[in-house]
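# Geometric and topological summary
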Amino acid sequence: SETVNEGAQSLDSLEGLPEIEAVKIAAPRKGRLLSEVVISTTSPLVGVSIKDANFRSHYNASILAVHRSGEKLEQKIGKIELQVGDTLLVDADE
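This is a predicted model, so every value here is computed, not measured.

### A few points about the overall build of the protein
Each helix and strand counted, the protein has two helices and four strands in total. Reading the helices (α) and strands (β) of the protein from amino to carboxyl end gives α-β-α-β-β-β. Residues classed as buried in the protein amount to 39% of the 94 residues present. Look at the contacts in the protein between residues 6 or more apart in sequence, and 57% of them connect residues 24 or more apart.

Rendered as structure tokens:
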């Protein structure tokens, strides 16, 4: 995978998602960026459900999937309580 510096810089500017690396996966729509985001030990999202974090409105991004320990979590996205190391597939503004 190719690292997209511009995307990483854009996502780094989002409060609560520090020190991340965006990996360009695909271009779902013009003006959108599909990225993987890993939850860090310092993230305020640790221990908070995606719904309670108001992720979509707070970050103007949608979580499409969550992987934990290499396995996709199958429960409803909003009910997932995030943990350190979780990998989020995120659709965000470019």
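### Quick word on unusual backbone geometry
For asparagine 54, which is not glycine, the phi torsion reads 50° and is therefore positive. Owing to a relative accessible area of 46%, asparagine 54 belongs among the partly exposed residues under this scheme. Notably, serine 69 is not glycine yet its phi reads approximately 55°, a positive angle. Tracing the chain through its elements places serine 69 in the loop between strand 2 (61–68) and strand 3 (71–72). Residue serine 69 is classed as exposed on the basis of its relative accessible area of 74%.

### Things to note about the sheet that holds strand 2
Judged by pairing direction, the sheet is antiparallel, and its four strands sit side by side in the order 1-4-2-3 without closing on themselves. Edge positions in the sheet fall to strand 1 (32–38) and strand 3, since each of these pairs with one other strand and no more. The sheet contact formed by strand 2 and strand 3 spans two bridges and is antiparallel. The residue of strand 3 that forms the bridge with histidine 67 is lysine 72.

### Brief notes about the environment of leucine 73
Tracing the sequence through the fold places leucine 73 in the loop between strand 3 and strand 4 (87–93). Among the residues examined, leucine 73 registers a relative accessible area of 17% and is labelled buried. Residues leucine 73 and aspartate 86 lie 13 residues apart in sequence; the distance between their C-alpha atoms is 9.9 Å. Discounting chain neighbours no more than four positions away, the residues touching leucine 73 are Val66, Arg68 and Ile80.

Rules used in this analysis
Residue numbers restart at each chain and count upward from 1, following the sequence in its written direction. For this predicted model, a pLDDT threshold of at least 70 governs which residues receive local features, and a threshold of 80 or more governs which side-chain atom pairs are given and counted, while totals over whole chains, interfaces and linings are taken from all residues. Neither water nor hydrogens contribute to the side-chain values; these are computed over all heavy atoms in the structure. In this description a helix means any DSSP run of H or I spanning at least four residues, a strand means any run of E spanning at least two, and both kinds are numbered starting from the N terminus. Residue burial is assigned from relative accessible area. The probe radius is 1.4 Å, only protein chains are included, and a residue is buried under 20% of its type maximum, exposed over 50%, and partly exposed in between. Only heavy atoms enter the contact rule, under which two residues are in contact if any of them lie within 4.5 Å. One requirement defines pairing of two strands: DSSP has to find at least two bridges between them.

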